Amino acid sequence: MQAIELEKAYEPKSFEDRIYNEWESKGYFKPVSDEANPVHCQCADCNKKTNIYSVVIPPPNVTGVLHMGHGLNNTLQDIVVRYHRMKGDNTLWVTGTDHAGIATQNVVERQLKKEGKTRNDLGREKFIERTWTVKEDHHNTIVKQQRKLGNSTDWERERFTMDEGLSKAVRDVFVTLYERGLMYRGKRLVNWCPRCGTALADDEVDHEDTQGAMYHLYYEYADGSGKIEVATTRPETFFGDTAVAVNPTDERYTALVGKKLKLPLTGKEIPIIADDYVDKEFGTGMVKITPAHDPNDWEVGKRHNLEVVNLLTPDGRLNENVPEKYRGLKPEEARKLVIEDLEACGLFKGEEKMVHSVGHCYRCKTVVEPYLSDQWFVKMKPLADKALAAWKAGEIQFFPRKWENTYENWLTNIRDWCVSRQIWWGHRIPVWYCQKCGEVIVSREDPSKCPKCGCGAEDLKQDEDVLDTWFSSWLWPFSTLGWPEKTVDLEKFYPTTALVTAYDIIFFWVSRMIMAGLEFTGKAPFHDIYIHGLVRDKQGRKMSKSLGNGMDPLEIIDMYGADALKFTLGFMCAQGQDILIDKDSFKLGSRFCNKVWNASRYLLGNLEGRNLVPVTDADLTELDKWIYSRLNYAAKTAREALDTYRYNDAASALMEYFWNEFCDWYVEATKINFKNGDDKEKDRQASVLMNILEENLRLLHPYLPFVTEEIYSKLPLSEIAENRKKAGEQKIADNSDYVGMLINAPYPKAVDARDNAQIAERFEALKDLIGKVRATKVDCGIDPAIKINIAIKIEKGSAAEVAREKIEMIQLLGGVAKVEFVEAKPASSIGAVGNGFEAFVLVDENINKEQLLSRFQKTMEKEQGYARMSENKLNGNFAKHAPAELVQEERDRLAESQKKIATLESYIKELM
C-alpha cells in the first residue's frame, strides 16, 4: 500500500472547526436513543439496554464571555462525557445559559450610565427589551467559545433559565412552595445592596477584611445621674438604637436593668435591658441594640419587643428618622459629622483602628447594609433536612470527600432564603394584589379576575419584584429535561449521573439543587458531585480584570489549539487543589499534541510498500506483548481514574504510556525489524503498529479529541477491521472491527490476558540497563551521537538476562557500538549498578580519558561548593527560622549534591 501523508507540522486551526461541524452534523452529540440520531450503539445487539450517563452543564451567566474557570469546568465535563460515550453509555450532556438577574441588569445599567440614562428613563418594558438584546449578544459569544473548546453537548436540547419551559417550572415551584407553607412574605432584616437597590441572600454577600475603627461613645442616664460607655464600628447608626443590653448574670449592671438612657443628639430615651446575647467579658459588657441595622440586634429586638427604627433609604442614605442635618447623607459622610457633634457634647471617648469583616455585594462589590423591608422567603429547614438525609443515605457522593463537611455544616445552620429581588430582569414573582379587596393571589397562570371579589384583571397588580437568579438555577437538572411535564427525557435521563462544578458555588447552587430535586421529584438530582478547584495565576491569585491576570480560552486555543488547552487543564487538575497557570503552562499540552501528531505521521508514512495482514496472538513478539501490557495498564489506570474523577491521574498515565513507553521505547525498538526483517516480517510489524496506533487514538480521545479524530480519519480503518475479523477472536490483540468516527469508537478495556508479569519484569530490567548506560554517557559528557563500547555483568537467573537476547535493542536505544558480557569489572571502565546487572562504559580509544578526568574533577568541585553552601545554611539561623518546607528543600538539595559527589569520586577513582 502507499504511505499515508499527514501534514508535516501540527496545525490545529486547519481541522478543528471542520471536525466539530462534522461531529455535530452527524448527530454524535445526541443520545443514541434519539430517532433523529443516526449513531448506533456499539454493541452487536443494538436493542441491548445500555447504561445512562447524563450531565447538565453549570450554565454560564449571559453577562460576558467565558473565562479560564469556565474553560476548566467545560473541559472536565467534556472529558468524562466523551469517555462514557466511548464506553457505550447512552450519554447526554445538556447545555444552556443563566439569565443572571443582578449581574446582567448591572451590565445594561452601566451601558445606560455611559449614555447619561437610568433604567427609569427607559421604563420596565423597554429596559427588559434592551436586556434581551444584551443577552443574545453574550449568548452568541459564549456558544462560539464552547464550540471552540470542543464541547460535545447536545445543542438541540440547549436551554436558557428564562425560556418558556423553565419559566413555567419556576412558577410551578413558587406556587407549590406557597401551597405547602414553605413560601411566605414578611418584613425582615435582609442584606441590602444600595447600588443594585435589591435584597441579597446571605450567600450572595462576600465578606472582606476592611480597615475600620471601634468608636467609643457615652450615653447619659435620663435622670442625669451619670453615663455609660458603649462601642460600635458604625456610630452613625445609634439614631436607630432602641435599647442598651447587658448580660443578666453580670452583677455590675443588675440594678441598672430598666433604667432609662438619653440617646445622644436626640430627645429620645431608651431602656437598659438584660439579654444572654451580651458577652459580659467583651468591652464594657454593655451593647447598643439597633434592631433595624444588625442581624443579632434584630433577634434581641424580637425577644424584647423593641421598636424597630429603619435609618436608610433604598439607595443607602440616611432618612427622615435621623435629625434633619444628617438626612440624605451616605453613612460614611454622616459618620464624620456625628463624631464631630458627639465630641462637641463631650460624649465621644475615642477610637481604635482595627481590621474587621465587612459584607459586600457579590456582584457590584458595594458595602451591604442590613435593611428592614418586605420580602419573599423560602422556609429552608424542611428542605435542608431532606438533603442531609439523602447524603447520609449515600444517595449523593462528593469527590473529594472533604466537601461533605462543608455541605453538612451549611445545611445544619441554614437560614430562610430571601428570594425576592428589587430589579426588573428575571422571573417576575407570580403574585397579584387585588386593588379592590386586598386579596393576595398566588397563581401558576396570570389571573383574569379576583377570586374573592370578582373584579377584573385591570384591578390586579402583579408584585413588582423578580425572583433570585438561583431560584431558577436550583431547578436546572430537572427543568432542563422538561419538568413539570412528564417528558421522555425526564424519565430516561433524570436523575442525572454527575455534576461537575467549582467549590465556590456549593452554597449558591449545589446544595439548593439537591433540596429542589428531593422536594419536587422525590429524587436527588445527581449521584456524583465532583468539586474542582479554581484557576489562579502562578502567584496563587484569583484571575480578575482588576489584576490583569485573566486569560481568554479562545486566545490559548488560537495559540496552541483546543486539545493543548484541554490536556493541560486535565493534567493539572488534581482533586482538592486549585490550578496555578500562565500562558506558558499550555506548552505542556501543545508538546504532547505535537508528539502524537509526529509519531502518527512517522508510522503512517512508513506504510509505503507494505501490506497490512491479520495478526494473531501467536504472531506477536515479546516486544509486542510488552507494549500491549503497557497499553493495558494505561487503559486500566485511565478507566479507574475517570470513573472517580481523578483527571490528573488519567492524564499522567496516558502521557507516560504514549510518549515514553510507546514512542520512545516500542516504536524505536521496532526499527530493528524494519531494518533487518524480510517483507513478511515488515508487513507483520507494520500491521501490529497500525493496530496499536488505532487503539492508542481511542485511548487518548477524551483528552485530545480533535487531533486524535483527525489522525483516526487517515488510518486504513477498513483494512485494520477486515484483518481483525480474519484473525478471529484474540486474547491479546484487539478485536474491535469498528469503522467510523473516533468519537463513537469503543474505549479500550483492560484485558487480563495482556498482563504478563515475566515479560514486564524482563523489559523493566532491559529499560533500566539502557537507561543506566544513557545516564552514564550524560555524566561523562559524551556526545549522544558517539557510539560507545560497554560490558555487562549479569546475575544468573535474574530478569536482566534478557540483555543477552536483546543486544540489537541495547545498541540502538543505548547508543552502543559493541556489547560484551563479562564475569568481572573490566579495567579502565565506569560502572553503573542495576537490579541483577552491572553495566560498564569502557574508557577506550573512543573516549579521551584525560578530558573525562578533568570534567569529573571540575564538576565535583562545583558540587562540593553547592554542598558547603547548603551545610552552612542548615547549620545557621536558616534552619531555625525558615518555614519547615524550605528547610526540607535545602536538606534534599544537600542529599542530592552528596550523592553526585559520591558518584563522581567513584568515577575519578576508576580513571586514576
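Further up the page is the structure itself.
What this report covers is the structure whose coordinates are included nearby.

Rules used throughout
Residues numbered from 1 in each chain as written. Predicted model: local features only at pLDDT ≥ 70, side-chain atom pairs only at ≥ 80, totals over all residues. Heavy atoms only, no water. Helix = DSSP H or I, 4+ residues; strand = E, 2+ residues; numbered from the N terminus. Buried < 20%, exposed > 50% of the residue type's maximum accessible area, 1.4 Å probe, protein only. Contact = heavy atoms within 4.5 Å. Areas by Shrake-Rupley, 256 points an atom, 1.4 Å probe, with all protein chains shown as cover. Lys, Arg positive; Asp, Glu negative; His and termini not counted. Charge placed at Lys NZ, Arg CZ, Asp CG, Glu CD. Axes fitted to C-alpha atoms, helices over the stretch in contact; angles between N-to-C directions. Parallel < 35°, antiparallel > 145°, perpendicular 65-115°, else oblique. Nonpolar A, V, L, I, M, F, W, Y, C, P; charged D, E, K, R; others polar. Polar contact = N/O pair within 3.5 Å; in protein donor to acceptor, adjacent residues only side chain to side chain. Core = buried A, V, L, I, M, F, W, Y, C linked by side-chain atoms within 4.5 Å. Pairing = 2+ DSSP bridges. Expected span 1.5 Å × (residues − 1). Arc of directions from axis to C-beta. Salt bridge = Lys/Arg side-chain N within 4 Å of Asp/Glu carboxyl O.

## A word on the overall build of the chain
Next, step 1: Within the chain, the regular secondary structure consists of 27 helices and 29 strands.
Next, step 2: If one aligns the C-alpha atoms of the chain with their principal axes, the spans along those axes are about 110 × 75 × 55 Å.
Next, step 3: Every one of the 912 residues in the chain was classed for burial, and the buried ones make up 56%.
Next, step 4: Counted over contacts in the chain with a minimum sequence separation of 6, partners at least 24 positions apart contribute 76%.
Next, step 5: Counting every atom, the chain has about 40,400 Å² of accessible surface; 48% of that belongs to carbon and sulfur.
Next, step 6: Averaging the positions of the 124 positive and the 141 negative side-chain charges in the chain gives two centres separated by 1 Å.

## A word on the environment of Gly605
Next, step 1: Within the element layout of this structure, Gly605 appears in helix α17 (residues 587-605).
Next, step 2: With a relative accessible area of 28%, Gly605 lands in the partly exposed category.
Next, step 3: Here the alpha-carbon distance between Gly605 and Gln2, two residues 603 residues apart in the chain, equals 8.4 Å.
Next, step 4: Once residues lying within four places of it in the same chain are set aside, the contact partners of Gly605 are Ala3 and Ile4.

## Things to note about the packing of helix α18 (residues 622-643) against helix α20 (residues 679-700)
Next, step 1: Two elements in contact, α18 and α20, have axes separated by 11 Å at closest approach and are oriented at 5°. Here α20 runs roughly parallel to α18, going by the angle between their axes. Along its contact with α18, which presents Asp624, Ile627, Tyr628, Leu631, Ala634 and Ala635, the element α20 presents Arg684, Gln685, Val688, Asn691, Ile692, Glu695, Asn696 and Leu699.
Next, step 2: Among the residues making up the contact of α18 with α20, the classes are represented as eight nonpolar, three polar and three charged.

## Here we look at the side chain of Arg421
Next, step 1: Inspection of the secondary structure assignment puts Arg421 in strand β17 (residues 420-421).
Next, step 2: On the basis of relative accessible area, Arg421 is assigned to the buried category, the value being 1%.
Next, step 3: For Arg421, the side chain forms a polar contact with the main-chain oxygen of Ala199, separated by 3.1 Å.

## So, the nonpolar core
Next, step 1: Residues Met68, Phe471, Trp474, Tyr647, Phe662, Tyr666 and Tyr703 are the most contacted members of the largest nonpolar core, which totals 224 residues.
Next, step 2: In terms of residue count, the dominant contributor to this core is helix α19 (residues 647-676) (15 residues).
Next, step 3: In contact with Phe471, not counting residues within four places along its chain, are Val170, Val173, Phe174, Leu177, Met183, Val378, Trp417 and Val419.
Next, step 4: Counting 38 residues, the second largest nonpolar core, distinct from the first, contains Tyr218, Ile228, Val244 and Ile272.

## Remarks on the sheet that holds strand β26 (residues 788-794)
Next, step 1: Judged by pairing direction, the sheet is mixed, and its four strands sit side by side in the order β27-β26-β29-β28 without closing on themselves. Where the open sheet ends on each side, the last strands, each with one partner, are β27 (816-821) and β28 (829-834). Looking at each pair of strands side by side, their axes are set apart by 25° on average, direction ignored.
Next, step 2: For β28 and strand β29 (residues 837-842), the ladder comprises six bridges, and the chain directions are antiparallel.

## Concerning the environment of Ala199
Next, step 1: In this fold, Ala199 is placed in strand β6 (residues 198-200).
Next, step 2: Residue Ala199 is classed as buried on the basis of its relative accessible area, which comes to 0%.
Next, step 3: Apart from the residues within four sequence positions on either side, Ala199 is in contact with Val190, Asn191, Trp192, Gln375, Cys418, Ser420, Arg421 and Gln422.

## A few points about helix α9 (residues 381-392)
Every α-helical turn comprises 3.6 residues, leaving residues that sit three or four positions apart pointing alike.
Next, step 1: With twelve residues, α9 extends 16 Å between its outermost C-alpha atoms, agreeing within 8% with the 16 Å of an ideal straight helix rising 1.5 Å per residue.
Next, step 2: All of the buried residues along α9 are Leu383, Ala384, Ala387, Leu388, Ala390 and Trp391. Here the buried residues of α9 occupy an arc of 160° about the axis, which is enough to place them on one side. Away from the buried face of α9 by more than 90 degrees, exposed residues Lys381 and Lys392 are located.

## Considering the pattern of salt bridges
Next, step 1: Throughout the structure, instances matching the rule amount to 69 salt bridges.
Next, step 2: Salt-bridge contacts for Lys13 lead to Asp558; the nearest nitrogen and oxygen are separated by 3.0 Å. Of this pair, Lys13 sits in the segment before α1 (16-25) while Asp558 sits in helix α15 (residues 553-560), placing them 545 residues apart in sequence.
Next, step 3: The shortest N-O distance in the salt bridge between Arg119 and Glu109 comes to 3.6 Å. Within this pair, whereas Arg119 is found in helix α4 (residues 119-122), its partner Glu109 is found in helix α3 (residues 101-114), the two being separated by ten residues in sequence.
Next, step 4: The class of Arg119 is buried, set by a relative accessible area of 14%.
Next, step 5: Residue classification places Glu109 among the buried positions, given a relative accessible area of 17%.

In short, the description is geometric, and any link to function would need to be established separately.
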